[in-house]
Structure formats: structure tokens, C-alpha cells
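Report on the structure
In case you want the letters, here they are:
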Amino acid sequence: MTVQAYTLDDLVKRLDPQATEGASQQYFLNLGPQHPAAHGVLRVMLFLDGETVVRAIPVLGYIHRGIEKMGESLSTRQFIHLTDRLDYLSALMNNWAVARTVEKAAGIEVSPRAEWIRTIMAELQRLQSHLLWLGVLGMDLGAFTPFLWGFRDREELTYIFEETIGARLTMNYVLPGGVMSDIHPEFAARVKKYVAYIRPKIAEYEALLSGNVILEERLRNIGRLSAEDAVSIGATGPVLRASGVALDLRKASPYGAYDKLEFQVPVGTVGDSWDRYWVRFEEMRQSIAMIEQLLGGIPEGPHMSVKPAVKVKLPEGVHYGQLETARGILGVFIAAAGGSDVPYRIHLRSPTFNNLWSVTRLAPGWRIADLVAILTTLDLVIPDIER
Amino acid sequence: MSVFSPAAVIAAPQVFEVKTLASRAATALPGSLLESALYVLLAVVWIVALLALTGLALIYLERKIAGHFQCRLGPMRVGPHGIFQTVADTIKLLVKEDFVPDGADKVLHVVAPFLALTATILLLVILPLSPILQAADMNIGVVYVTAISGFGVMGILLGGWSSNNKWSMIGAMRAGAQIISYEISATLALLVVVLFAGTLRLSGIVQSQADGWWIWRAHGVGVVAFVIYVIASTAEINRTPFDIPEGESELAAGFHTEYSGIRFAFFFLAEFINMFLVAGFAATFFWGGWMPFHVGGLDGFNSVMDLVPAGAWFAAKTSALVFLVMWFRWTFPRLRVDQMMRLEWKILLPVGFVNLFAAALVVLYGLYFFPGT
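Residues numbered from 1 in each chain as written. Chains lettered and ligands numbered in written order. Predicted model: local features only at pLDDT ≥ 70, side-chain atom pairs only at ≥ 80, totals over all residues.

Looking only at helices and strands, one finds 15 helices and zero strands in chain B. Taken over C-alpha atoms, the radius of gyration comes to 22 Å for chain B, in line with the 21 Å a tight globule of 373 residues would show. Along the three orthogonal principal directions, the C-alpha set of chain B runs to about 70 × 50 × 50 Å. When the 373 residues of chain B are sorted by exposure, 47% land in the buried category. Taking the intrachain contacts of chain B between residues at least 6 apart in sequence as the baseline, contacts between residues at least 24 apart amount to 78%. (Helix = DSSP H or I, 4+ residues; strand = E, 2+ residues; numbered from the N terminus. Rg over C-alpha atoms; globule rule 2.2 N^0.38 Å. Buried ≥ 20, exposed ≤ 12 C-beta atoms within 10 Å, placed from the backbone. Contact = placed C-beta atoms within 7 Å.)

Moving on, we come to the domain arrangement of chain A. Residues and elements named next belong to chain A. Taken domain by domain, chain A comprises domain 1 (8-59) and domain 2 (67-385). Placing a centre on the C-alpha atoms of domain 1 and another on those of domain 2 gives a separation of 30 Å. The interface of domain 1 with domain 2 comprises 14 residues on the first partner and 16 residues on the second. The biggest single contributor to the side of domain 1 that touches domain 2 is strand β3 (residues 52-59), with seven residues. Residue composition of the side of domain 1 that touches domain 2, grouped by class: nine nonpolar, three polar and two charged. (Domains from an automatic or database assignment. Nonpolar A, V, L, I, M, F, W, Y, C, P; charged D, E, K, R; others polar.)

Let us now look at the pairing of strand β6 (residues 317-324) of chain A. Residue and element names in this part refer to chain A. Here eight bridges tie β6 to strand β7 (residues 329-336), and the two strands are oriented antiparallel to one another. Residue pairing for β7: glycine 321 is matched across the bridge by valine 332. The turn linking β6 back onto β7 is made up of four residues, and glycine 328 within it adopts a positive phi angle of 145°. (Pairing = 2+ DSSP bridges.)

Turning our attention to unusual backbone geometry. The backbone of A:Asn221 shows a phi angle near 65°, a positive value even though the residue is not glycine. Note on placement: A:Asn221 falls in the loop between α8 (213-219) and α9 (227-233). Phi at B:Asn238 takes a positive value of approximately 60°, unusual for a residue other than glycine. Take B:Asn238: it is sitting in the loop between α10 (221-236) and α11 (248-251).

Of all hydrophobic cores here, the largest spans 212 residues; its most connected members are B:Val193, B:Tyr229, B:Ala282 and B:Phe286. Sorting elements by how many residues they give to this core places helix α12 (residues 261-286) of chain B first, with 19 residues. Formed jointly, this core draws a minimum of three residues from each of two domains, domain 1 (8-59) and domain 2 (67-385) of chain A. Not counting the four nearest positions on each side in its chain, B:Ala282 is found in contact with B:Phe226, B:Tyr229, B:Val230, B:Ser233 and B:Leu321. (Core = buried A, V, L, I, M, F, W, Y, C linked by C-beta atoms within 7 Å.)

Another aspect to go through is the sheet that holds β7(A). Residues and elements named next belong to chain A. Spatially, the three strands line up as an open sheet ordered β6-β7-β8, and their pairing is antiparallel. In this open sheet, the two strands that pair with only one neighbour each are β6 and β8 (345-349). Each adjacent strand pair in this sheet contributes to an overall mean axis angle of 15°, direction not counted. Two elements, β7 and β8, share five bridges in a ladder whose sense is antiparallel. Paired with phenylalanine 333 across the bridge in β8 is histidine 347. Its contacts with the sheet place helix α4 (residues 91-106) against β6 and β7, and it is angled at close to 140° to β6. (Axes fitted to C-alpha atoms, helices over the stretch in contact; angles between N-to-C directions.)

Residue and element names in this part refer to chain A. Counting through the fold element by element, histidine 303 comes out in the loop between α12 (273-296) and β6. Spatially, the C-alpha atom of histidine 303 lies 22 Å from that of leucine 82, the residues being 221 residues apart in sequence. Not counting chain neighbours up to four residues away, the residues in contact with histidine 303 comprise Arg113, Ala114, Ile117, Gly178, Val179, Ser181 and Asp182.

A few words on the interface of chain A and chain B. Accessible area lost on assembly of the parts is the figure often given for the size of an interface. On the chain B side, the residues contacting the 26 residues of chain A number 24 residues. Taken together, the elements giving at least two residues each to the side of chain A that touches chain B come down to α5 (112-140), α6 (145-165), α8 and α14 (368-377) of chain A. A breakdown of the residues in the side of chain A that touches chain B according to their chemical character gives 14 nonpolar, five polar and seven charged.

What follows covers the packing of helix α5 (residues 106-126) of chain B against helix α6 (residues 141-162) of chain B. Residues and elements named next belong to chain B. Contact pair α5 / α6: the axes reach a minimum separation of 8 Å and the direction vectors enclose 165°. In this view, α5 runs roughly antiparallel relative to α6, as classed from their interaxial angle. Taken as a pair, α5 and α6 cross one another with a handedness that is left-handed. Each residue belonging to the contact of α5 with α6 can be placed in one class, and the counts come to 18 nonpolar, eight polar and no charged. (Parallel < 35°, antiparallel > 145°, perpendicular 65-115°, else oblique. Left-handed = near helix turned anticlockwise from the far one by under 90°.)

What follows covers the packing of helix α7 (residues 166-197) of chain B against helix α15 (residues 337-364) of chain B. Residues and elements named next belong to chain B. In contact at an axis separation of 9 Å, α7 and α15 are set at 15° when each is read in the N-to-C sense. One element, α7, and the other, α15, form an angle in the roughly parallel class. α7 and α15 meet at a crossing whose hand is left-handed. In terms of residue class, the contact of α7 with α15 is built from 20 nonpolar, five polar and two charged.

As a further point, take the sheet that holds strand β2 (residues 43-49) of chain A. All names here are of chain A. Ordered by their spatial adjacency, three strands build an open sheet running β1-β2-β3, and the pairing between neighbours is antiparallel. Only two strands of the sheet have a single neighbouring strand rather than two, namely β1 (26-31) and β3. Each strand axis lies, on average, 20° off the axis of its neighbour in the sheet, ignoring direction. Direction of pairing for β1 relative to β2: antiparallel, over a ladder of six bridges. What sits directly across from asparagine 30, in β2, is methionine 45. Along the sheet, helix α13 (residues 351-362) contacts β2 and β3; its crossing angle with β3, the most-contacted strand, is approximately 155°.

Structure (C-alpha cells):
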């Protein structure tokens, strides 16, 4: 394989030979890496005709930290620390993805209680992530109030996490074999209280946002991603489901305690921004329903099935595990050399990376404002894209 | 007649005599040049004070209202309930580096904020706050209002154009399209009231509502015109849901992306005072301005209403409308630029024309309430 270095101009010409010739109306604009709608350091190169996007090319590399490379010199247990920094809104699910892969590879049993804790924590975090997304969506569409409402409701969940885990954002909670610590004695009561609190709030958001004609104008039929395109790009999570493909690993290949839960997978029809919005909105309701079911029966037992070992030696070979984070399928690929707890190679299949590339197909023909709406309904977390 | 008699006050409805500061100066001019000059000075001080104090008050109010809409408190630290927060921010803006970007058109970049603020000041001059608190009045008041509010877009266009920044330019072009389009609907809505009042003079329009405000006297067309005016003028002053020229999540900060310090403060101040002006004009044209709530013929009731000073009526009406515009901002998302244009050209403008025609018929046949008086 040969790697060739291009200058930006070369890259632009390579991607679009017509971009420079015979297109006097077109002009070039950088959205990001410092831009309010970039949610961090995403950069999108835009070719515009007036306000209409002719071409949008995401440019990465502004927050690349080499997490996968670092994984080659850390034990898998140490590597879990770093996964908090991928998609920081699904920190716990990232931990879980690595832990699952290691457990599968090393044949570690997990107690029902640990699985239960993981599942309820994951669902709480999915709810938390979607609440943040809802707020950011409002802000990107020009309504500032939902942003603070979303943060307010998210904050309470953060306290619940903090009580049990000790951290608010980078949780580092799930370990191969179980979870770091047992739940706080108050946990169930607090979650129950929170569920009672959040249910009417969801209805309030529905009234503030879903019922708003301007929001509907801004999202409906904007940026349609067909099911074929979604699959060919490798989109997962709510983006894929909004396009009408009902792939949810929680249903398709249940892990944790999901096989014991009754829930539905919301699926969109046309794959426009509204469907992506609606799917996430509905997922929040489903998460609440799951949390309620989980609160019904907390299995007794240890939260850690094995003595927490610093070294977990993986058998030689290639191991893969995946699960559904708030943004889609996070796949963990570990190539183990054998005889060592440090993997030879780690690769992460992050959901946001694939979801992001749908921008190249969605944006052309729409205006800058629609591009912002499309980006926000893709629910991008930039550190997850670049790793 | 030396003894003050409450009965006499209640029996005879108050007659409002309009005395603007300009007319006082003109009256005084033949007698004493000094007195006339003092009136002119008073008018200047009044406008500057109004500009500064309304700006401070509105920015504070906006923050507090936003805070309470968003389940928080808003500014609380500087002074009791944060009332000095805006003062502190003003000082911050004054001492901040005044930055002209490389490659910008320096002259236009410097001039643009002044143009925006000038238009605002010119409109403040004519706003009738009460029979005696009006700097100047003129027989073509409505024409003046529409002409000057169109002038404000110059500052925004030039500011965006001169910044040498594509985001600024997109913002400026959006602003040009938006403000000029919505000007038409706003003017059509004002013309409805002109038809009813039969005068272009602002004080005359207020006085024509002595039997009742046009919004309810005008038999429905007034309500339609009022709604059109509120929507169109919200768009004219770039407030959500029409904050498209600024659209911070799309265009960074739109036309004022490259502005900092005092020049940014000028744009900012102009924007807030414009909100006050729009609310004030809406109150003047549709809710009677400083005219108390009157019902033609009910002299006793009208006299009781007159006990509340005219200035307080104006303040109450304007505050209510300012709150309405702030309510929009903290509830609605932003429209897209083409949707905004569609709303104007395909909905507001036809409705405005039909409404104007209907208003003409209503006036022609005297179908409105209390046409005789």
C-alpha cells in the first residue's frame, strides 16, 4: 500500500475536477474547525453556490490523539481508560465494548448483577446523551432554550452517575469481569425518582420542539439518506434506523440484560432530518421504559465475577466485539499476540466516523442552514471520529 | 376657578396638547435665542439618555427574561440581582481591543456601526413617548419612519461587506434581502392605520385614537395589520425567528463576526434600541401610543383612564410588546433564509395588500367603531 501526501488544493481538485473550472459562481468556505456548529473541531470544506452547498467534504485530524496506537503499548485493562475519551457521551458504553471483547476472548464469566448494572447504566447514559443532543439540536436551529433545558435534565443524571461511579463524564466504570464498584444504596431510589421526573419533561420537549412549525419546516424532508446509502456508508445507530433499517444490536444480538427487556426499536421511513430527530426522541422514551423494567428486579450477587486482575492475557488471534452506543455500533478489534496482556493491534470502529460521511451525500443541494441541521441530526461527537 | 375640583376633572375628558421639544424650541426662538437653544440641548440630552438607559434596561431585561425562560436566574453577581451586569459589560466592551481585520475596507468597517446606530437615533427622535416627551414631530412622520428604518440596513450591509470575511458577507447579503423585503409588509401594515387616522403625523395618529385604539376600533383589519406589523418588524430588527443575518450557529456571528469592542457594542445597542422602537411604533400605531384606554362616548370611564399618566400608558404597552418579542426569541428556532423569503413574498405581502384594500373599504363606508367623532 502506498500512502500519498496531497496538498489541500490537490485534494480539492482530485475530489472534484470541475470545482475550479467553469464555475465562477462557486466559492469555497471552511465550516470549522472553529465554528459554533462544528461542536468541537470538525472542519467541513464547503463549495457553495450562493448559499447552496454544491459539495461538502469533512476534513479530519484536528483532535487526533492516537488512541488506537496508544492501545498497542497498554494492557487492555489500561486501554479502557482511554475509551472514555472516544465518544465522551457514551463513555460507559465504550468501556463496556472493550470489556465485552476481552471477556469473550478470555472467556471471563460475568455475573447477572454486573450485567444488570451495565445495562441500566448504559440506558441511563443513552438517555443522557440524547438529552444533550436534543439541547444542541435546538441551539443549532437557533433556539437557545432547549439547550439549557437539556443540560438541566442531564445534570441530574450526572449526579446519579457520580454517586455510584465517582466520575461525571469519563466514567471508566466497566471492567472485564464486571464493574468497578457496586451501585450506591440510594441508586435505585434516585433513578426511580428521576424517571418520574423526566417523563413529563419529555412531553414538554415535545410541546416546545416537535409541535413547532418552524422546527418541522427546518427538518422535514431535509437531507434524505436512503436506506441503500446508509448501508453503503456503514451508518449505524439512529442515523441508520431513521433511514428505515431496523438494525439495533440490543435487539439483533442482545447482550447484557437486553434479552430480558421488552422494548421497541424506533425506525424512520424516509431518512430525513426529521426522522433522525424523531428516532432519537422515541429512543429516549424506550430507554426510560427499559430503565423502569430494570428497576423492577435487581439480581443479587457480586458486581465482579473474577478477582480484578491487572493482567488479562488474551489468546493469540483476532478478537472482535461490538455493541450499540448512543450513536451506533462501536466495534472493538483486538489482534492479540498471545502470552501478553498488551495487544498487538487495536482498532476501533467508531459509529460517528461512518455516520459523518453521509454528509457528503446529504449536503449537496441544501443550504448552509440545512447543512447545520443535517450535522446536528447526525449527532456528531468529534473525538469519536478521530480517536 | 382657583380651587382644584376633582369632579370637574372627571366630568371633562382630558384634552392632550402635544408639545414636542422641537416645537417648543421653535416657539421660543423669536423671543429668546438662549431658551430655544436650551430646548434643543434638552432634546439632545433626552435622546442620548433614552438611548443609553433603554439599552441598559433592555439588555438586562433580556438576560433576566431569558434566564427565567430557561429555568435559571440570569445575571446575579454584579449588584443586587445583577443589575450592574450590563454596566460592567459596557465597560468591558469599551476597553476591549478595537480590531479591524487585515484586508478589510477600513473606512467602511469603521463607518458601518455608526450608520446602524444613526438610523436608530433618528427614529428615536420621532417616537412619541408622551404628549410632552417627543423630540420632534413632522407632518410626514410615517414616511420618515419607513424611510429611516430602511436606512438601518446600510450599516449591516456595509459592515458585512467591508469585513473581508465570507461569513460576514453571507450575513450581510441575507440581511439585505430580509430587511428590504419585510420593510414592504411593515409599511403596508402602517398604511392601514394611516387610512384610519387620516394623517401621517405620529402625534396625530395617537390623537386619532382618543375614542379607542385602532387595533379594536378598526373592525378586524386592525388586528390583521398589527399581526403583520409585529411579524414583519421582528424580521426587520433581526430577532429570532428571523435572526438569519446573525444566525450564530450557521454564520458564526453573521455580519458582525469581525467586530469587537465599541463597534460591536454599537451594533448591539442599535439592535436592542430597534426592538424598543419597533415595540414603541407598534404601540403608537395600533395600541394608541400614550393614549389611555378610551371608549368613545363613555366620558366617565375615559376620565378614570386619564388618571394614569400618558407616559405610563406608553411604557406599559411598549414593555408588553418588548416582552412579546423576547418571548419569540427564547421559544422559536430560526427559519431558513428561503423559508423566510417565502413567508414574506407569498404570505405576508398578499395578505397585507388584501388587508389594506379591506381597510380602505372599511374607512370609505365608515364601518369602524365611532366613525363620527
